[in-house]
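Report on the structure
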Number of protein chains: 6
Amino acid sequence: MSIHIEAKKGDIASTVLLPGDPMRAKWIAETFLENVLCYNDVRGMLGFTGSFKGKKISVQGSGMGIPSALIYCHELITDYDVKRLIRVGSAGSYQEDVHIRDIVLAMSASSTSGINNSRFINADFSPTADFGLLLKAANYANKNNLNVKAGNVLTSDEFYEDDPESYKLWASYGVLCVEMEAAGLYTIAA
Amino acid sequence: MSIHIEAKKGDIASTVLLPGDPMRAKWIAETFLENVLCYNDVRGMLGFTGSFKGKKISVQGSGMGIPSALIYCHELITDYDVKRLIRVGSAGSYQEDVHIRDIVLAMSASSTSGINNSRFINADFSPTADFGLLLKAANYANKNNLNVKAGNVLTSDEFYEDDPESYKLWASYGVLCVEMEAAGLYTIAA
Amino acid sequence: MSIHIEAKKGDIASTVLLPGDPMRAKWIAETFLENVLCYNDVRGMLGFTGSFKGKKISVQGSGMGIPSALIYCHELITDYDVKRLIRVGSAGSYQEDVHIRDIVLAMSASSTSGINNSRFINADFSPTADFGLLLKAANYANKNNLNVKAGNVLTSDEFYEDDPESYKLWASYGVLCVEMEAAGLYTIAA
Amino acid sequence: MSIHIEAKKGDIASTVLLPGDPMRAKWIAETFLENVLCYNDVRGMLGFTGSFKGKKISVQGSGMGIPSALIYCHELITDYDVKRLIRVGSAGSYQEDVHIRDIVLAMSASSTSGINNSRFINADFSPTADFGLLLKAANYANKNNLNVKAGNVLTSDEFYEDDPESYKLWASYGVLCVEMEAAGLYTIAA
Amino acid sequence: MSIHIEAKKGDIASTVLLPGDPMRAKWIAETFLENVLCYNDVRGMLGFTGSFKGKKISVQGSGMGIPSALIYCHELITDYDVKRLIRVGSAGSYQEDVHIRDIVLAMSASSTSGINNSRFINADFSPTADFGLLLKAANYANKNNLNVKAGNVLTSDEFYEDDPESYKLWASYGVLCVEMEAAGLYTIAA
Amino acid sequence: MSIHIEAKKGDIASTVLLPGDPMRAKWIAETFLENVLCYNDVRGMLGFTGSFKGKKISVQGSGMGIPSALIYCHELITDYDVKRLIRVGSAGSYQEDVHIRDIVLAMSASSTSGINNSRFINADFSPTADFGLLLKAANYANKNNLNVKAGNVLTSDEFYEDDPESYKLWASYGVLCVEMEAAGLYTIAA
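Quick caveat, the model's predicted, so the values are computed rather than measured.

Scoring rules and cut-offs
Residues numbered from 1 in each chain as written. Chains lettered and ligands numbered in written order. Predicted model: local features only at pLDDT ≥ 70, side-chain atom pairs only at ≥ 80, totals over all residues. Heavy atoms only, no water. Helix = DSSP H or I, 4+ residues; strand = E, 2+ residues; numbered from the N terminus. Buried < 20%, exposed > 50% of the residue type's maximum accessible area, 1.4 Å probe, protein only. Axes fitted to C-alpha atoms, helices over the stretch in contact; angles between N-to-C directions. Parallel < 35°, antiparallel > 145°, perpendicular 65-115°, else oblique. Contact = heavy atoms within 4.5 Å. UniProt positions renumbered as here; feature names shortened; annotations may be inferred. Least-squares fit on C-alpha atoms with pLDDT ≥ 70 in both. Domains from an automatic or database assignment. Buried area = accessible area lost by both parts, 1.4 Å probe. Salt bridge = Lys/Arg side-chain N within 4 Å of Asp/Glu carboxyl O. Polar contact = N/O pair within 3.5 Å; in protein donor to acceptor, adjacent residues only side chain to side chain. Nonpolar A, V, L, I, M, F, W, Y, C, P; charged D, E, K, R; others polar. Pairing = 2+ DSSP bridges. Arc of directions from axis to C-beta.

Moving on to unusual backbone geometry. Only a minority of non-glycine residues have a phi that is not negative, and only a minority of peptide bonds are not trans. Located in the positive-phi region is Lys-53 of chain D, a residue other than glycine, with phi close to 50 degrees. On the secondary structure map, Lys-53 of chain D appears in the loop between strand 3 (47-52) and strand 4 (55-60). Under the relative-accessibility criterion, Lys-53 of chain D is labelled exposed at 73%. A positive phi angle, close to 60 degrees, is found at Arg-43 of chain F, a residue other than glycine.

Before going further, it helps to spend a moment on the packing of helix 3 (residues 131-143) of chain E against helix 3 (residues 131-143) of chain F. Contact geometry for helix 3 of chain E and helix 3 of chain F: axes closest at 11 Å, N-to-C directions at 95 degrees. Between helix 3 of chain E and helix 3 of chain F, the interaxial angle falls into the category roughly perpendicular. Along the contact surface, helix 3 of chain E presents Phe-131, Leu-134, Leu-135, Ala-138, Asn-139 and Asn-142 of chain E, while helix 3 of chain F presents Phe-131, Leu-134, Leu-135, Ala-138, Asn-139 and Asn-142 of chain F.

Once that is clear, we can look at the arrangement of the chains. Spatially, chain A is disjoint from chain E: no contact exists, and the shortest C-alpha separation is 10 Å. At their nearest point, the C-alpha atoms of chain B and chain F are still 10 Å apart, with no contact between the two.

Here the UniProt-annotated "domain: Nucleoside phosphorylase" (unreviewed entry) positions come out as residues 16-189 of chain A. Between the C-alpha atoms that bound residues 16-189 of chain A the distance is 13 Å, and the span itself is 30% helix and 28% strand.

Each copy superposes on the other: chain D lies on chain A with an RMSD of 0.0 Å after a rotation of 180 degrees and an axial shift of 0.0 Å. Considering both components of the superposition, the chain copies are consistent with a two-fold axis. Residues of chain D ranked by C-alpha distance from the rotation axis are headed by Ser-126 of chain D, positioned 2.3 Å from it. A shared binding surface is used by both copies, with 100% of the interface residues of chain D retained as interface residues in chain A.

In this section: the domain arrangement of chain A. Residues and elements named next belong to chain A. Under the domain assignment, chain A is made up of domain 1 (1-88) and domain 2 (90-190). In this structure, domain 1 and domain 2 have C-alpha centres spaced 21 Å apart. Between domain 1 and domain 2, a total of about 1,200 Å² is buried, with carbon and sulfur atoms accounting for 71% of that surface. When the buried area of domain 1 at its contact with domain 2 is split by residue, Ile-66, Leu-70 and Arg-87 rank highest and sum to 50% of it. Where domain 1 packs against domain 2, one counts two salt bridges. Note that Glu-179 is salt-bridged to Arg-87, the shortest N-O span being 2.5 Å. Where domain 1 packs against domain 2, one counts four residue pairs in polar contact (both at pLDDT 80 or more). Elements represented by at least two residues in the side of domain 1 that touches domain 2 include exactly helix 2 (66-80) and strand 5 (84-87). A total of six residues in the side of domain 1 that touches domain 2 trace back to one element, the largest contributor, which is helix 2. In the side of domain 1 that touches domain 2, the residues fall into nine nonpolar, four polar and three charged.

With that settled, the discussion passes to the interface of chain D and chain A. Listed as interface residues are 34 residues of chain D and, on the opposing side, 34 residues of chain A. The junction of chain D with chain A conceals about 2,800 Å² of combined surface from both sides, 61% of it contributed by carbon and sulfur atoms. On the chain D side of the contact with chain A, Asp-124, Phe-131 and Tyr-173 of chain D bury the most area, a combined 26% of that side's loss. Between the two partners, chain D and chain A, sit zero salt bridges.

Now for the sheet that holds strand 1 (residues 15-18) of chain D. Residue and element names in this part refer to chain D. The five strands are arranged 2-3-4-1-5 in an open sheet whose pairing can be described as mixed. The open sheet has two edge strands, strand 2 (34-40) and strand 5 (84-87), and neither has a second partner. When strand polarity is set aside, the average angle formed by the axes of neighbouring strands in this sheet is 25 degrees. Strand direction decides the pairing type here: strand 3 and strand 4, joined by six bridges, are antiparallel. Of the residues in strand 4, the one forming a bridge with Phe-52 is Lys-55.

Taking burial as the measure, the six residues of strand 3 of chain D include five buried ones, the bulk of the element. Here strand 3 of chain D hands over to strand 4 of chain D after two residues, with Lys-53 of chain D in that stretch at a positive phi of 50 degrees.

Attention now moves to the pairing of strand 2 (residues 34-40) of chain E. All names here are of chain E. In terms of strand pairing, strand 2 meets strand 3 (residues 47-52) through four bridges, oriented antiparallel. Within strand 3, the residue paired with Asn-40 across the bridge is Gly-47. Linking strand 2 back to strand 3 in an antiparallel pair, the connection comprises six residues, with Arg-43 at a positive phi of about 55 degrees.

What follows deals with the side chain of Ser-110 of chain C. For Ser-110 of chain C, the location among the structural elements is in strand 7 (residues 103-111). Using a relative accessible area of 0% as the deciding quantity, one classes Ser-110 of chain C as buried. Within the structure, Ser-110 of chain C has its side chain in polar contact with the side chain of Asn-152 of chain C (distance 3.1 Å). When sequence neighbours within four positions are dropped, the list of residues in contact with Ser-110 of chain C reads Asp-124, Phe-125 and Ser-126 of chain B together with Asn-152, Val-153, Leu-154, Thr-155, Trp-170 and Ala-183 of chain C.

All names here are of chain B. Spatial ordering of the open sheet is given by 2-3-4-1-5, a layout of five strands whose pairing is mixed. Of all the strands in the sheet, just strand 2 (34-40) and strand 5 (84-87) have a single pairing partner and so form its edges. For this sheet the average axis-to-axis angle between neighbouring strands, irrespective of direction, equals 25 degrees. Relative to strand 4 (residues 55-60), strand 1 (residues 15-18) is paired through two bridges, and the arrangement is parallel. If you follow Val-16 over to strand 4, its bridge partner there is Ser-58.

Let us look at helix 1 (residues 22-32) of chain E. All names here are of chain E. Listing the buried residues of helix 1 in full gives Pro-22, Ala-25, Ile-28 and Ala-29. Taken end-on, helix 1 shows its buried residues confined to a sector of 110 degrees, consistent with a single buried face. Facing away from the buried side of helix 1 by more than 90 degrees, the exposed set consists of Trp-27 and Glu-30. At the N-terminal end of helix 1, a side-chain oxygen is found 2.8 Å from the backbone nitrogen of Met-23, two or three residues along, and the residue is Asp-21.

Here the focus is the environment of Trp-170 of chain C. Examined against the element boundaries, Trp-170 of chain C turns out to sit in helix 4 (residues 167-172). By relative accessible area, which is 6% here, Trp-170 of chain C ends up buried. For the pair Trp-170 of chain C and Leu-154 of chain C, spaced 16 residues apart in sequence, the C-alpha separation works out to 7.8 Å. Beyond its immediate stretch of four places on either side in the chain, Trp-170 of chain C contacts Phe-120, Ala-123, Asp-124 and Phe-125 of chain B together with Tyr-94, Ser-110, Ser-111, Thr-112, Leu-154 and Val-175 of chain C.

The next subject is the environment of Ser-126 of chain B. With respect to the secondary-structure elements, Ser-126 of chain B resides in the loop between strand 7 (103-111) and helix 3 (131-143). Each C-alpha atom, one on Ser-126 of chain B and one on Leu-176 of chain B, is 16 Å from the other, the two residues being 50 residues apart in sequence. Not counting the four nearest positions on each side in its chain, Ser-126 of chain B is found in contact with Ser-108, Ala-109, Ser-110, Phe-125, Ser-126, Pro-127 and Asn-152 of chain C. A distance of 3.0 Å separates the side chain of Ser-126 of chain B from the backbone oxygen of Ala-109 of chain C, its partner in a polar contact.

Below, the structure is given as structure tokens:
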């Protein structure tokens, strides 16, 4: 048991999908996994383990935003020996050719968060995906004619921006979409 | 209905308590309120309205961290006309004389968050409690011999710090305790 | 004697009022105190000790701006064992309902100063008033029907701003008024 | 002709390799290309166009450091309609398992440079490679049993660091190696 | 009359010496000038005009620190058409070969102040002396065998530093001495 | 031999002129020096030593931008015991009265570079010329009726700015012209 997860060691697979919404975790588990176990209900932040095509896999809600997601990632890595964390979730498009239902692979994550301001003082750390996972996903998608895009995403602390034009700057430098957790995951998993 | 709350207009009181944990919201509602209505279960982020000594009051889980709490505060203020948001929750003590079960009133909130870096560029905004609410709470506590302390708290983005000594600096400047949402609430409610 | 104050130990009370203007210090001493002693004239920065309703109290000019005020606060605390420093002075209103002759209690002080950039690197420290003094002042005012407001103030390094619109941002986040010393006092007294 | 390149329109291919050292540009052209034309000698910053397996390709020295490389990238993109810029060069390893003669594909580039401080004020932009080029290079390498690694690199302004330990922080967050131009190229090509 | 100076137009010379201490202003006026007029006593911040070898010259106390000095510089320039502001005052040596009674000419002023953080966002402005005045002073000193040094000085907001070792960094980059006003004067006079 | 310069110890004079363009170094050597030796051709970054009116002097190309120039300055100082580095080169005027063919002496260099962000964290270091060299140059120019100006220059990382109006801010604070290396040279030579 960790502070925010009540699972026993071994209850959680070494590969974990991380949607923000615990209800989406439940939907993924119920829709795609077999022999599902719900290993966590602390704070309503549901976590499930099951099997997918014979492989053990878990799905854990992370909550919204880097601070919440960091708690779950930290405990999964440190207390449950998780090796592969794969964030899944929705994002807001910043480009005209990124459409609803498109899949975006986040190669790296730009951010308005302050989490790396004290780690890398006055320098820019670029949180980056694991290349092995990225390459597998991209090649799988290409073989199956899935429409995926890959590139830079923005991880924002604010779902509601004061300035409705602020996305334009990021878009002009090629950022594909905005979400709220990737830069945190890519930083502490590095 | 707002994006993250499925309540109808009027379902939510103008005064809302905001614990981070939706289960604590449920516990507060069931323990202290009468005639309780659960108005939200989107993302498992429970919200309740009931009456306390004849007054209508709501309790809404905010999730952990500023990004999640900002979403709920924004929607409560903008879409449900909430007037008084009172964060309640636990915090980690930074001072030897702040003990478990002590009550701390956060006059203002220091922060490691980046949310004000783009609002107040290269200046320091000090998110501050509403003085009227603070004064009522303090005078109520004093009349009833409750042990409350009031002062500066730290709102952190990281529950797990890389540097276990980092709290010492904040403690030496009188910060009473660390939590994860107050600076966000005090900023957008300002 | 300290570097900038020529008083002997014991000449200064444990409670000190701190106006910026040494002439205002003189006026306060002559108007409200009995048995007044002028203990300092170094740099013309007058300091006085007298008695108010039987209690020993001092009034010390601090000069204008954080750097000057920090010198006097530091020496009063370190060399003269002063326990309560209470800045008094005028401020420029940032809100339509803060009028000339209103009293503002500064709960905390936002700032454009760089003094905390090296203390709290890339984080925001919110300099905060002592709650005990604040509460006494507020309750005294309420009992005597004095019109006081309390909240966030801005401590600025520049009396003359390049951009005459810059106050609007601070005002929109509820800052009550602008002055030039509080954030320094609240930081080193913390 | 642009300010720093004396080529005529059409002299430069739409794909350009960018080594820092103009002598390496010459070596690449003489070793791998046929029908080589030297189109630039301004400032000794040699540029060549030739054919590789029937395809027109150019090689342009960029000099060392982001400021110099930005000049050549800007003019190649703006004045010569170059579509694919591929930086090639040596880098210093930050990881024990990155050896001399290993190939590193830079998915994204962290940086100590200030070039994005004014573009993205107080936020972190993560300059990112073009995914199409990255994927082709990775899959080509895998098919041909070439040892490539891909991930985060550091683009530094200083070949000689004041603090010889500074690399350890970057290494602990998985940065593979250090070089001096990629973050600039990935930013303006975005 | 300006807000902080009660002189009439014409009372102040176009060349003004600026010591921090108003008592030093008085000493300079009484020691070196003839036909002295005291044109200001507001806030005890004395200002004098007299003649030196037949030329009209003024001496104005500025108080300690950039915020106070900026007020007097601004009003002297804007309200009294002053053309030449020459700060005179004491400074703390950062170099072994800068001795008591040496004269230092401040070519430019490094700073810990935040005043240029909002003027030059995330860039470094180097406040610089007027070259004409500097050259005259240097050549006069050389002709008269006066021992002057010239170079970089540090303008600090804090007379009392938390970290007593902090001067070593500045000293290692050649900063000659520390004072509290020059960077402000050189910025607004630019 | 250093990493980027193939000269032997003693091949380089203790005074070195530093143009950015190696072709300009060649032109200077061929035009003004006698008995010229070319001591470096690594990376085409030419360096020459010769005699000028009987004094041994060298001219070394530095490339464009601080990162490139720092490499050459570091090696010249550390590996070749060079004592006087004098940057010569062209600059873009920021003032109406700074004309083509005017000579500007850079007293100090403002900068958009990030090189001092990690040396002087959240403070502003003002890289400053050596006063002895500056004074000699100024007095020589005055005696020979050469039109020189001296003051603040801007060292920029970007030859091509995103915002064509960005120079106006620097110009309004008296910056004379913009170039790309001085702040780096003045920092590491300090």
